[in-house]
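# Overview (structure and organization)
One-letter residues, chain by chain:
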Protein chains: 2
Amino acid sequence: MSANLRDVAKKAGVSVGTVSNVLNRPEVVSPKTLERVQKTIAELGFVPNGFARQLRSGYSRTIGLVVPDVANPFFTEVARGVEDAASKRNYAVFLCNSDESLEKENKYLSVLIQQQVRGVLITPADAQGHEYENLRERGISVALLDTETKNSSQCSVSVDDVRGGEIAIEHLLSLGHKDIAWVTGPETIPQIVDRTMGVTKAAKVGKAEISTIRVTLMNVAQGEAAAKKILLLKKMPSAIFCANDLLAFGVMRVLLDAGINIPEQVSLLGYDDISFGNSAAVPLSSISQPAYQLGVTAAELLISECEDSEEHAHQQVKFQPQLVMRASTASK
Amino acid sequence: MSANLRDVAKKAGVSVGTVSNVLNRPEVVSPKTLERVQKTIAELGFVPNGFARQLRSGYSRTIGLVVPDVANPFFTEVARGVEDAASKRNYAVFLCNSDESLEKENKYLSVLIQQQVRGVLITPADAQGHEYENLRERGISVALLDTETKNSSQCSVSVDDVRGGEIAIEHLLSLGHKDIAWVTGPETIPQIVDRTMGVTKAAKVGKAEISTIRVTLMNVAQGEAAAKKILLLKKMPSAIFCANDLLAFGVMRVLLDAGINIPEQVSLLGYDDISFGNSAAVPLSSISQPAYQLGVTAAELLISECEDSEEHAHQQVKFQPQLVMRASTASK
DNA sequence: TTGTGGAATTGAACCGATTCACCACCAATA
DNA sequence: TATTGGTGGTGAATCGGTTCAATTCCACAA
């Protein structure tokens, strides 16, 4: 079988305590011993047993990441950020896709509890609650990802979605658009609620008319469905703002197929600024969010909370979204 | 703190062994004792400590997934498949990105060993070896993902990349292209080696001339770099085949910017058939792979190997790639 | 030479469930 | 009465790191 700490100690001619120190507090070991032990570790291919470590210390070095869907490029980027940051701190990441379903979310949370994760990073599937008391009770830290927390007893890392909605409409207004379609997802999603708020606010100020087209999922297929609905409207809007880029891609395809020129006849604006936006049939204007950065920051915050929980002060980090102008929006 | 097995034993007036039996082999305990112990367990709200249990038994319900980069839509789809299948069997999945670096791959494998995963699903970063003896020694099952195994002592789930390369060139040949650029990644990547083999084979049969443009990473930026090189060639090829869709997107952008029409002046063919191909400036023809299915199959195979390791017969599953014709390829 | 302080190292106890060789007890058989 | 067999139960050893009180070592000052 594989080597354990005692084997290393014997081979290197030191005690088990010293080997443990080499692993966890290298600074208290003399350089000479350190080097010798490390060499032995490498020779034996020794890897510490996580269970034993966790059993004694009571803590694991794993976190759970719960997102609606990694297949959405925005969350893929976030996930990469989380993973890179966690890996730097020697944490492993459990990946969970909630598919925007509360049921699946709960199922995964219970799996994560079973796995005794140290903390959970979650983009809630639902606009309500976010208490996660059952996790907290078990000493599992929770930080909200891409959602702002209502109570200040937890960390959150988010992007200002209200402002994002505002920026979008302001941009369209500045191009002279007054008649705007807002293609959006279910109101159970917190981000949707906020973006809608921003949209409404800016529209009121700029006296624009917003017609809402609601879809159930935020993917390309649903974007196509939305576009078909738009084509049936009595009066075509002069601009379409979509709650994410995937929806916008779907809309774009259907409109182009219908022979409608973008942006000449209709301006199209997305949200997320996923990297493919640039390669689209008409390069997509969008509202950009620092996805990777979001993931990194959230993971760092969560891990810092896990490691010095009494020192730790909860913080709510909020990034600002930015308009990225490409070819799909133009003045009326 | 919460009660442990010894507390239960003391309170119920039995030995720790008996309590353990109540938990794991109730049939060997007398009904009277059974009932009394179970009552005590309920009273104390005792929940067995997973770490200790796993430390002793040596098994967890987790698997590791190591891919080059989840941000590549192909692997995102694979990851979703793995995750869905694992979740169905009540396994949790560790996500690891090797970034096509052997060093990172090894680092992650050691993290996975620490976490005592039951099995590992891996797309090797390197064309060599794939032995993973260090994992096997520790009783960790390994299955190769999107790579065919050379030895039959392990499972693998792959797509026929040689055939994929062939199909691509055959398609271009059938359109009358004889002068083809092959934009490809490092030869350390197994898939690249195979696709190149297919390309070469089909080119020989069809008497096409292949000029190879090699890049170091398979992303959009490198595709752009490759296209710039192509623009500098003495004679433009009449078709370009890219080793994946991301490269093709980059190539497409640069060519269109340079005023070159696709497919009128140059045909462009990608690989992977990621969903955005359909939304691209010129809808991208591509070689399609069953990514989600690949992930599901691999996870199921791995878990079945983990759970009945002596019953289990290693198998090599090979899916067939398919040509998806869109607008970016046309006859010369 | 002795004393002192700090750094380096030691190793036994511990985390909590599992395992298994062994014991106690009772009934049935010789 | 002695022997055998079977059931129910016991508790010390074990898994493999981590921790920490105790010890050793060494340099430098008195």
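Residues numbered from 1 in each chain as written. Chains lettered and ligands numbered in written order. Predicted model: local features only at pLDDT ≥ 70, side-chain atom pairs only at ≥ 80, totals over all residues.

A count of helices and strands for chain A gives twelve helices and twelve strands. Looking at chain A as a whole, 50% of its 332 residues qualify as buried. The contacts of chain A with a sequence gap of at least 6 include a subset with a gap of at least 24, amounting to 72%. (Helix = DSSP H or I, 4+ residues; strand = E, 2+ residues; numbered from the N terminus. Buried ≥ 20, exposed ≤ 12 C-beta atoms within 10 Å, placed from the backbone. Contact = placed C-beta atoms within 7 Å.)

Around DNA strand D, the surrounding shell holds 25 residues, and the nearest of these are A:N4, A:L5, A:A52, B:G17 and B:T33. Within the residue set of the surface near DNA strand D, elements represented by two or more residues are α2 (16-24) and α4 (50-57) of chain A together with α2 (16-24) and α4 (50-57) of chain B. Tallied by class, the residues present in the surface near DNA strand D amount to eleven nonpolar, eleven polar and three charged. (Near = placed C-beta within 6 Å. Nonpolar A, V, L, I, M, F, W, Y, C, P; charged D, E, K, R; others polar.)

In a packed pair of helices, the relevant descriptors are the angle between the two axes and the axis-to-axis distance. All names here are of chain B. Put simply, α2 and helix α3 (residues 31-44) touch, their axes get as near as 10 Å, and they point 90° apart. Taken together, the axes of α2 and α3 are roughly perpendicular relative to one another. Contacts between α2 and α3 involve T18, V19 and V22 from the former and T33, L34, V37 and Q38 from the latter. Residues belonging to the contact of α2 with α3 are distributed by class as follows: four nonpolar, three polar and no charged. (Axes fitted to C-alpha atoms, helices over the stretch in contact; angles between N-to-C directions. Parallel < 35°, antiparallel > 145°, perpendicular 65-115°, else oblique.)

We now examine the domain arrangement of chain A. Residues and elements named next belong to chain A. Domain assignment breaks chain A into domain 1 (5-48), domain 2 (57-158 + 291-319) and domain 3 (161-289). The C-alpha centroid of domain 3 is placed 29 Å from the C-alpha centroid of domain 2. Facing twelve residues of domain 2, the contacting portion of domain 3 comprises twelve residues. When contributions to the side of domain 2 that touches domain 3 are tallied by element, the ones reaching two or more residues are α5 (73-88) and α12 (291-307). Across the side of domain 2 that touches domain 3, the residue classes break down as seven nonpolar, two polar and three charged. (Domains from an automatic or database assignment.)

All right, on to the interface of chain B and chain A then. At the interface, 37 residues of chain B touch 37 residues of chain A. Of all the secondary-structure elements, those providing two or more residues to the side of chain B that touches chain A are α4, α5 (73-88), β2 (92-97), α6 (102-114), α7 (133-137) and α11 (245-257) of chain B. Broken down by class, the residue content of the side of chain B that touches chain A amounts to 18 nonpolar, 13 polar and six charged.

Turning our eyes to something else, we now look at the protein's contact with DNA strand C. Taken together, 26 residues are adjacent to DNA strand C, and A:V14, A:G17, A:T33, B:N4 and B:L5 come closest. A per-class count over the surface near DNA strand C returns eleven nonpolar, eleven polar and four charged.

A few words now on the sheet that holds strand β12 (residues 322-324) of chain B. Residue and element names in this part refer to chain B. Spatial ordering of the open sheet is given by β7-β6-β8-β9-β10-β12, a layout of six strands whose pairing is mixed. The sheet is open, and its two edges are formed by β7 (209-214) and β12, each paired on a single side. In this sheet, neighbouring strand axes are inclined to one another by 20° on average, regardless of whether the strands run parallel or antiparallel. Bridge count for strand β10 (residues 285-288) against β12 is three bridges, and the pairing is antiparallel. (Pairing = 2+ DSSP bridges.)

Here we take up α11(B). All names here are of chain B. Compared with an ideal rise of 1.5 Å per residue, which puts 13 residues at 18 Å, α11 spans 18 Å between its outermost C-alpha atoms and is within 8% of the ideal. Turning to α11, its buried residues number three or more, namely D245, L246, L247, A248, F249, G250, V251, M252 and L255. If you follow the buried residues of α11, they end up packed against β6 (179-184), α10 (220-231), β8 (239-242), β9 (267-272) and β10. (Expected span 1.5 Å × (residues − 1).)

On to the pairing of strand β5 (residues 155-159) of chain B. The side chains of a regular strand alternate between the sheet's two faces. All names here are of chain B. For β5, the buried fraction is high: five of the five residues fall into the buried class. Examined bridge by bridge, strand β4 (residues 141-145) and β5 share three bridges and lie parallel to one another. Residue pairing for β5: A143 is matched across the bridge by C155. Taken together, the four bridges between β5 and strand β11 (residues 316-319) define a ladder with parallel strand orientation. Pairing of S156 across the sheet is with Q316, part of β11.

It is worth spelling out helix α6 (residues 102-114) of chain A at this point. Residues and elements named next belong to chain A. Its 13 residues place the ends of α6 19 Å apart at the C-alpha level, agreeing with the 18 Å of an ideal helix rising 1.5 Å per residue. Within α6 the residues assigned to the buried category are E105, Y108, L109 and L112. In a view along the axis of α6, the buried residues occupy a sector of 105°, so they form one face of it. In this structure, α6 carries E103, S110 and Q114 as exposed residues pointing more than 90 degrees from its buried face. Buried residues along α6 sit against β1 (62-67), β2 (92-97), β3 (119-122) and α7 (133-137). (Arc of directions from axis to C-beta.)

Our next topic: the sheet that holds strand β6 (residues 179-184) of chain A. Residues and elements named next belong to chain A. Overall, mixed pairing links the six strands, which are arranged β7-β6-β8-β9-β10-β12 in an open sheet. Strands with a single pairing partner mark the edges of an open sheet, and in this sheet they are β7 (209-214) and β12 (322-324). Strand after strand, the sheet turns through a mean of 20° between neighbouring axes, direction not considered. Two elements, strand β8 (residues 239-242) and strand β9 (residues 267-272), share three bridges in a ladder whose sense is parallel. Bridging from a neighbouring strand, I240 pairs with L268 of β9. Relative to the sheet, helix α8 (residues 161-174) contacts β6, β8, β9, β10 (285-288) and β12, its axis offset from that of β9 by approximately 160°.

Bridging between β9(B) and β10(B) involves four bridges; their strand directions are parallel. Residue pairing in the sheet places B:G270 in a bridge with B:S286 of β10(B).

With that out of the way, let us pick up the environment of B:T212. Residue position: B:T212 is located in strand β7. Distance from B:T212 to B:L256, taken between C-alpha atoms, is 21 Å for residues 44 residues apart in sequence.

For the bond from A:I262 to A:P263, the omega torsion is 5°, close enough to zero to count as cis. The residue A:P263 is located in the loop between α11 (245-257) and β9 in this model. Positive phi outside glycine occurs at A:Q116, with the angle close to 55°. Tracing the sequence through the fold places A:Q116 in the loop between α6 and β3. Non-glycine residue B:D99 carries a positive phi angle of around 50°. What makes B:D99 partly exposed here is the crowd of 16 C-beta atoms within 10 Å.

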